[in-house]
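Descriptive analysis of the structure
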2 protein chains.
Amino acid sequence: MKIGFIGLGVMGAPMVGHLLAAGHELHTSINRSPPPAELISKGLLVEGSPCEVAERCEAVVLMLPATGDVERVCFGTDGLAAGLKSGSLVIDMSSIDPSATADFASRIGELGCAYLDAPVSGGEVGAKAATLSIMVGGPAEAFERALPLFEAMGENLTHVGDQNGSGQTCKISNQIIVALTIEAVGEALTLASRSGCDPAKVRKALLGGFASSRILEVHGERMISRSFAPGFRIALHSKDLDLALKAAASVGVSLPSTALCQQLFNSNRAANEWNEDHSAVVKSLERLAGATAF
Amino acid sequence: MKIGFIGLGVMGAPMVGHLLAAGHELHTSINRSPPPAELISKGLLVEGSPCEVAERCEAVVLMLPATGDVERVCFGTDGLAAGLKSGSLVIDMSSIDPSATADFASRIGELGCAYLDAPVSGGEVGAKAATLSIMVGGPAEAFERALPLFEAMGENLTHVGDQNGSGQTCKISNQIIVALTIEAVGEALTLASRSGCDPAKVRKALLGGFASSRILEVHGERMISRSFAPGFRIALHSKDLDLALKAAASVGVSLPSTALCQQLFNSNRAANEWNEDHSAVVKSLERLAGATAF
């Protein structure tokens, strides 16, 4: 398939590598930073703008930092919308606002094209290993067309719903649970440690029971060993909780613990821990306790 | 071994069954409700008071509802303390206050006896199947002596620390993580459902990734199927969060999400959901959102 791919960052670059390896023809657009030489050598073609990419491709994948970036690439000057042929497919794999997604999908739909929101979890490791979880919102028919692409990049592929934005909502749900579970482990281990217990023994005792999770295993270990190199940066997770709180406001739901966790992330920001791993939220709990607990 | 066992409730009764099956001689004390006939038929002996139980046994196990019950059985009229022989072992498997535990251990220690706090997780199912996780605080030598008893009742046995109260603190850590993870799943699924997503598809998409946990699996499913029969009652989990918040206050730690979750449990209490499964905390989130989301 002739595929456009806009956004060759730490996630996008390895994803393009997998699509090239699967035999697809890949196009990207020129950018401030040049595309990785390795991808060019494997056949990645570079066009002058997203518009030109859209003109040459049947499907265009986006993997961009934020809602505004997706809007600009789709609808800005020389954007995708100016070049999309009727029947083309736009697949936004960025993690962005679900309600903006519904709007973008509707505007792309007016051009006779289908739109899928297909955010991922699994991070850089999952992108490199082609083991991403992909959560997809949009028409079932478009999901079927995109499936070979998803299969080249991920493993756990879910069509969440026909409604555009469902994939983004699912991703936000994921990020809520991950953030709040990390914070929960932080509260538990801080109390244990400050009470004179060895947090490593507590973590071990709790693995296997109902408190068990990959978070307790991985992020609990990071808290204990004080290994706060990312991983997943608080700056990014905070952006995701912003999306969660905005979505909650728009559908009339109250997310008290998500709001609280966001405030703890704000404390990390104030303490210059914005680019540390999200497990460093435990440091905000330690600040509340007046000192380092571990 | 000659073992006393005080507290033959839903947890204690099957635990006594396992100790009898392992060949021990079991004594209990007379109570308002008579001991299960099945245990009597298997050899359980009934004494007139905890004091008499202590006089006849090398080790006494307690499995009682709350801190005050443990204090009364140990130090009240005709309590254990009046009958314990020097060198005996008191093993408190109730889930109670860690700092009261340290006090009880010290007073038992003055009688020339050893004390272990050994709360469990795994609930009625784990008690019946002898698969309880047991988290033990107290001297290593006493832990070694008690090990055959623990092995008859549980599987995941951890000596958390030599300091009495370590087991209780570990159990509290467990209960914090369980409560807060359930609440996190509740926030995520309420947002997803209210945003028009099928929460069952969201749960399934999230299993396997970093949001995955036994809580998402079991309690997420209960929320989706609206199955709020316990399980573990909110009344009991709220008692555990009380212990967590009291412990936090006493060691100078701040547990903001634990405090918030306790407030949501209060809303369950107000709505007569006090004896429903702890997954019913999602109903408090739904009240905040003004209606049932699922």
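Note that the structure is a prediction, hence the values are computed from the model and not measured.

Turning next to the overall build of chain A. Secondary structure summary: chain A contains 13 helices and 9 strands in total. Computed over the C-alpha atoms, the radius of gyration of chain A is 21 Å, within 12% of the 19 Å expected from 2.2 N^0.38 for a compact globule of 294 residues. The C-alpha extent of chain A, read off along each of the three principal axes, is 65 × 45 × 35 Å. By the burial criterion, 59% of the 294 residues in chain A qualify as buried. Taking the contacts inside chain A whose residues are at least 6 apart along the sequence as the reference set, 64% of them involve residues at least 24 apart. Averaging the positions of the 23 positive and the 31 negative side-chain charges in chain A gives two centres separated by 7 Å.

Taken residue by residue, the interface counts 61 residues in chain A and 61 residues in chain B. A combined buried area of about 5,100 Å² lies between chain A and chain B, and 67% of that area is made up of carbon and sulfur atoms. Counting the surface chain A buries against chain B, the share from its top three residues, Ile-177, Leu-191 and Phe-210 of chain A, is 15%. Applying the counting criterion to the chain A and chain B interface returns 0 salt bridges. Here chain A is connected to chain B by 12 residue pairs in polar contact (both at pLDDT 80 or more).

This brings us to the side chain of Ser-212 of chain A. Checked against the element boundaries, Ser-212 of chain A lands in the loop between α9 (199-206) and α10 (214-225). Ignoring anything within four residues of it in the chain, the contact list for Ser-212 of chain A reads Leu-206 and Leu-207 of chain A together with Ser-213 and Arg-214 of chain B.

Below, the discussion takes up the pattern of salt bridges. Across all of its chains, the model carries 28 salt bridges over all chains by this definition. Across the salt bridge formed by Arg-203 of chain B and Glu-221 of chain B, the nearest N and O atoms sit 3.9 Å from each other. A residue pair is termed long-range when its members are at least 10 positions apart, and Arg-203 of chain B in helix α9 (residues 199-206) and Glu-221 of chain B in helix α10 (residues 214-225) qualify at 18 residues. Between Arg-222 of chain B and Asp-277 of chain B there is a salt bridge, and its shortest N-O distance comes to 2.9 Å. Separated by 55 residues along the polypeptide, Arg-222 of chain B in helix α10 and Asp-277 of chain B in the loop between α12 (256-270) and α13 (281-288) bring together distant segments of the chain. Judged by its relative accessible area of 22%, Arg-222 of chain B falls in the partly exposed class. The class of Asp-277 of chain B is buried, set by a relative accessible area of 0%. If you follow the salt bridges from partner to partner, you end up with Glu-47, Glu-55 and Arg-56 of chain A in one network.

Residue and element names in this part refer to chain B. Contact pair helix α8 (residues 166-194) / α9: the axes reach a minimum separation of 9 Å and the direction vectors enclose 130°. With respect to α9, the axis of α8 lies oblique. Considering how the two elements wind past one another, α8 and α9 form a crossing that is right-handed. Here Leu-189, Ala-192 and Ser-193 of α8 come into contact with α9, specifically with Pro-199, Val-202 and Arg-203. Tallied by class, residues from the contact of α8 with α9 come to 4 nonpolar, 1 polar and 1 charged.

All names here are of chain A. Under the domain assignment used here, chain A contains domain 1 (2-163) and domain 2 (169-289). A separation of 30 Å is found between the C-alpha centroids of domain 1 and domain 2. Contacts between the two partners involve 13 residues from domain 1 and, on the opposite side, 9 residues from domain 2. Looking at the side of domain 1 facing domain 2, the largest losses of area belong to Ser-95, Pro-98 and Met-135, adding up to 48% of the total buried there. Counting the contacts that link domain 1 with domain 2 gives 1 salt bridge. In this structure, Lys-246 engages Asp-97 in a salt bridge whose closest nitrogen and oxygen atoms are separated by 2.2 Å. The interface formed by domain 1 and domain 2 includes 5 residue pairs in polar contact (both at pLDDT 80 or more). Mapped onto the side of domain 1 that touches domain 2, the elements with two or more residues apiece are α5 (98-109) and β7 (120-121).

Within this structure, the stated rule accounts for 4 aromatic pairs over all chains. Considering the side-chain rings of Phe-143 of chain A and Phe-150 of chain A, the 6.1 Å spacing of their centres and the 35° angle between planes classify their relative orientation as tilted. Each of the two residues, Phe-143 of chain A as well as Phe-150 of chain A, counts as buried. Both rings, one in Phe-75 of chain B and one in Phe-104 of chain B, keep their centres 5.7 Å apart while their planes meet at 55°; by these two values the pair is tilted. Taken together, the positions of Phe-75 of chain B in helix α4 (residues 67-75) and Phe-104 of chain B in helix α5 (residues 98-109) put the pair 29 residues apart, joining distant regions of the chain. The exposure class of Phe-104 of chain B is buried, given its relative accessible area of 2%. The positively charged end of Arg-107 of chain B is found above the aromatic ring belonging to Phe-75 of chain B, 3.9 Å away from the centroid.

A few words on the side chain of Ser-95 of chain A. With respect to the secondary-structure elements, Ser-95 of chain A resides in the loop between β5 (89-92) and α5. Once residues lying within four places of it in the same chain are set aside, the contact partners of Ser-95 of chain A are Pro-65, Pro-119, Val-120, Gln-168, Lys-171, Lys-239, Asp-240 and Leu-243 of chain A.

Before going further, it helps to spend a moment on the relation of the copies chain A and chain B. Superposition record for chain A on chain B: RMSD 0.0 Å, screw rotation 180°, translation along axis 0.0 Å. Look at the turn and shift together and you get a two-fold axis relating the two. Considering only C-alpha atoms, the residue of chain A closest to the rotation axis is Ser-213 of chain A, which sits at 2.3 Å. Both copies present the same face, since 100% of the interface residues in chain A are matched by interface residues at the equivalent positions in chain B.

Overall, the predicted model of chain A reaches an average pLDDT of 96, with 99% of residues at or above 70. Quick note on the complex model: pTM equals 0.95, ipTM equals 0.94.

Turning next to α5 of chain B. Residues and elements named next belong to chain B. Here α5 is 12 residues long and its end C-alpha atoms lie 16 Å apart, about the 16 Å a rise of 1.5 Å per residue gives. Residues Pro-98, Ala-100, Thr-101, Phe-104, Ala-105 and Ile-108 constitute the buried set of α5. Buried residues of α5 fall within an arc of 145° about the axis and therefore sit on the same side. Those residues of α5 that are buried lie in contact with α4, β5 (89-92), β6 (114-117) and α8.

How each quantity is defined
- Along each chain, numbering runs from 1 in the same order as the chain's sequence is written.
- Each chain is given a letter, starting from A, and each ligand a number, starting from 1, according to the order in which they appear as written.
- pLDDT decides what is reported in this predicted model: residues at 70 or higher carry local features, side-chain atom pairs at 80 or more are listed and counted, and totals for whole chains, interfaces and linings draw on all residues regardless.
- Derived side-chain values reflect all non-hydrogen atoms in the structure, with water molecules and hydrogen atoms excluded from consideration.
- Segments assigned H or I by DSSP are reported as helices when at least four residues long, segments assigned E as strands when at least two residues long, and all are numbered from the N terminus.
- In this setup the radius of gyration rests on C-alpha atoms only. A globule is expected at 2.2 Å times the number of residues raised to 0.38.
- Partly exposed residues are those whose accessible area sits between 20% and 50% of the maximum for their type, while under 20% is buried and over 50% is exposed, using a 1.4 Å probe and protein chains only.
- What makes two residues a contact is simply this: any of their non-hydrogen atoms within 4.5 Å.
- We score Asp and Glu as negative and Lys and Arg as positive, and we do not count His or the chain ends.
- Every charge is mapped onto a representative atom, which is NZ of Lys, CZ of Arg, CG of Asp or CD of Glu.
- As used here, buried area is the combined drop in accessible area, with a 1.4 Å probe, of two parts when they are placed together.
- In the sections that follow, a salt bridge refers to a side-chain nitrogen of Lys or Arg positioned within 4 Å of a carboxyl oxygen of Asp or Glu.
- As used in this structure description, the phrase polar contact means that two N or O atoms lie within 3.5 Å; if the pair is within protein, one of them must be able to donate a hydrogen and the other to accept it, and residues adjacent in sequence are counted only when both atoms belong to side chains.
- All axes here are fitted lines through C-alpha atoms, helices being fitted over the stretch that makes contact, and every angle between N-to-C directions spans 0 to 180 degrees.
- Here the word oblique covers every angle except those under 35 degrees (roughly parallel), over 145 (roughly antiparallel) and from 65 to 115 (roughly perpendicular).
- In this scheme, a crossing is called left-handed if the near helix is turned counterclockwise away from the far one by less than a right angle; it is called right-handed if the turn is clockwise.
- Each residue gets one of three labels, nonpolar for Ala, Val, Leu, Ile, Met, Phe, Trp, Tyr, Cys and Pro, charged for Asp, Glu, Lys and Arg, and polar for the others, Gly among them.
- Domains are outlined according to an automatic or database domain assignment.
- To pair, rings of Phe, Tyr and Trp, with the six-membered ring standing in for Trp, must have centres within 6.5 Å; the planes then decide the type, stacked if under 30 degrees apart, edge-to-face if over 60, and tilted in the middle.
- Placement of a positive charge over a ring is assigned whenever Lys NZ or Arg CZ falls within 6 Å of the ring centre and within 35 degrees of the normal to the ring plane.
- When the copies are superposed, the least-squares fit takes in the C-alpha atoms of residues with a pLDDT of at least 70 in both.
- Scored from 0 to 100, pLDDT records how confident the predictor is in each individual residue.
- To estimate the expected span of a helix, count its residues, drop one, and scale the result by 1.5 Å.
- When we speak of the arc, we mean the arc of directions from the helix axis to the C-beta atoms.

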